[in-house]
Amino acid sequence: MLDIKKSNIFLAMAGAAVLMASSPVLAQDAAAPAPAAAEATAPATTTAPAAAETPAPAEAAAEETGGHSGDITPISMFMEATIVVQVVMIGLLLASIFSWTLLIIKLIEFSKLNRKTDQFLEEFRSARTIADMRRISSSEEFDGNPLADMAAAATEEVELSRQAGLQVNGDHRDSAIGRAQNAVTAVQSGLAGRLSGGQQFLASTGSTGPFVGLFGTVYGIMNSFIGIVQSNTTNLAAVAPGIAEALLATGIGLFAAIPAVVFYNYFNTRIAAYSTRSDGFNAELMNAISRQLDKGA
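Residues numbered from 1 in each chain as written. Predicted model: local features only at pLDDT ≥ 70, side-chain atom pairs only at ≥ 80, totals over all residues. Heavy atoms only, no water.

Student: Would you explain the layout of surface pockets in this entry?
Tutor: A water-sized probe, rolled over the atoms, reveals where empty space remains. Estimates place the volume of the second largest pocket at around 250 Å³. Lining of the second largest pocket is provided by 13 residues; of these, Leu-113, Asp-143, Gly-144, Asn-145 and Pro-146 occupy positions nearest its centre. For the lining of the second largest pocket, the elements supplying multiple residues, two or more each, are helix H5 (83–124) and helix H9 (191–195). A total of four residues in the lining of the second largest pocket trace back to one element, the largest contributor, which is H5. In terms of residue class, the lining of the second largest pocket is made up of five nonpolar, two polar and six charged. (1 Å grid on protein atoms, 1.4 Å probe; cavity = no way out; pocket = protein on both sides within 12 Å on 5 of 7 lines; lining within 4 Å. Points joined across faces, edges and corners; volume = space filled by probe spheres on them. Helix = DSSP H or I, 4+ residues; strand = E, 2+ residues; numbered from the N terminus. Nonpolar A, V, L, I, M, F, W, Y, C, P; charged D, E, K, R; others polar.)

Written out as structure tokens, the structure is:
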């Protein structure tokens, strides 16, 4: 019994020693995951500088588009275009401004011309003698009016024939009327030139404006493709701004040409209408002079 008790005590002491020896190992095993967790959190802290170094989306987009901003307006396209395209745009804009200025000037001119012509015809038809026709057509009130100039030239020729001693009421009547008709024709031949001022500019702007704008477009697109080759990118965001700038030149060319063509056709119609009116007055004038000569006035 004594031996059994001794062996039991010995076994109990051996078990305690084993437990004491194994306790540090358990403590180390429990603490081991801490470094792993630290290592797991380490990449998160190291990725922060990388994120900070990454460029912002707006900056990256600006770099890809060659410095163009997100908003593309006609003014920004003009400012960023090449000097050749800018010169084309400025020239076309000036031509357009001058076309609209001509429109306003000629509208006022034709309005005043028709008003003065109506007044002259009203007074001319009230004349009773060739002297009255000459006085009315030579007055300062109708100075520069085409129909008044025609009447003044015809009556002046009859008066010169009378002062030369020709019998304008008798044997020389037909020759006097013929000379008066020639004087009226000479005045009337310059009528189209007097009324067509500015028409050549409108015709030139209407016919060449689109081609001048197309030249600016071709030049701008050529520079855009050269920039694509140099930047080694086919990104649409890098190509579109340059092409848009080039196409703006064609748009301005059409903007200048279309009104010019419309104004040219409109004023050609007005000039033709007044020429027809002058033809009618020519016949009326010759009839009036012939009638007065027959009356001996």
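Student: So what exactly am I meant to see when it comes to the nonpolar core here?
Tutor: When a protein is soluble and globular, its nonpolar side chains tend to lie buried together. Core analysis: the largest hydrophobic core is formed by 37 residues, its most contacted members being Phe-120, Phe-124, Phe-281, Leu-285, Met-286 and Ile-289. Those elements that place two or more of their residues in this core are H5, helix H6 (130–137), helix H7 (146–163), helix H8 (173–189), H9 and helix H11 (236–295). Considering every element that reaches this core, the biggest residue donor is H11, with 11 residues. Dropping the residues within four chain positions of it, Phe-120 is found in contact with Ile-136, Ser-137, Phe-142, Leu-147, Ala-148, Ala-151 and Phe-281. By size, the runner-up hydrophobic cluster in this structure holds nine residues, among which are Met-77, Val-85, Leu-248 and Ala-249. (Core = buried A, V, L, I, M, F, W, Y, C linked by side-chain atoms within 4.5 Å. Buried < 20%, exposed > 50% of the residue type's maximum accessible area, 1.4 Å probe, protein only. Contact = heavy atoms within 4.5 Å.)

Student: Teacher, can you tell me more about the packing of H5 against helix H10 (residues 199–231) here?
Tutor: Think of two packed helices as two axes; the pair is described by the angle between the axes and how far apart they sit. Across the interface, H5 lies against H10 with an axial gap of 10 Å and an inter-helix angle of 160°. The orientation of H5 with respect to H10, classified from their angle, is roughly antiparallel. Considering the relative orientation of H5 and H10, their crossing is left-handed. When H5 is examined against H10, the residues Val-84, Val-85, Val-88, Leu-92, Ala-95, Phe-98, Ser-99, Leu-102 and Lys-106 are found in contact with a partner set consisting of Gln-199, Phe-201, Leu-202, Thr-205, Gly-209, Val-212, Gly-213, Phe-215, Gly-216, Tyr-219 and Gly-220. Across the contact of H5 with H10, the residue classes break down as 12 nonpolar, seven polar and one charged. (Axes fitted to C-alpha atoms, helices over the stretch in contact; angles between N-to-C directions. Parallel < 35°, antiparallel > 145°, perpendicular 65-115°, else oblique. Left-handed = near helix turned anticlockwise from the far one by under 90°.)

Student: What is the right way to read the environment of Asp-294 from this model?
Tutor: Structurally, Asp-294 can be placed in helix H11. Judged by its relative accessible area of 54%, Asp-294 is exposed. For the pair formed by Asp-294 and Asn-169, sequence separation is 125 residues and the distance between their alpha carbons is 6.4 Å.

Student: Before we go on, may I ask you to explain a nonpolar patch on the surface in this structure?
Tutor: Together, Ile-90, Leu-94 and Ile-97 make up a nonpolar patch on the protein surface, roughly 300 Å² of accessible area in all. In this fold, Leu-94 is placed in helix H5. Judged by its relative accessible area of 54%, Leu-94 falls in the exposed class. (Patch = residues over 30% accessible without salt bridge, like charges linked within 9 Å, V, L, I, M, F, W, Y side chains within 5 Å. Areas by Shrake-Rupley, 256 points an atom, 1.4 Å probe, with all protein chains shown as cover. Salt bridge = Lys/Arg side-chain N within 4 Å of Asp/Glu carboxyl O.)

Student: Can you walk me through the pattern of salt bridges in this structure?
Tutor: When their charged atoms lie close together, side chains carrying opposite charge are able to pair. Applying the stated criterion across every chain, the model contains nine salt bridges. Residues Arg-179 and Glu-157 are paired through a salt bridge, measuring 3.6 Å at the closest nitrogen-oxygen approach. Here Arg-179 is found in helix H8, whereas its partner Glu-157 is found in helix H7, with 22 residues between them in sequence. A salt bridge links Arg-173 to Asp-294, with the nearest nitrogen and oxygen atoms 2.6 Å apart. Here the residue Arg-173 occupies a position in helix H8, and Asp-294 occupies one in helix H11, the gap between them amounting to 121 residues. Where salt bridges share partners, they join Arg-173, Asp-174 and Asp-294 into one cluster.

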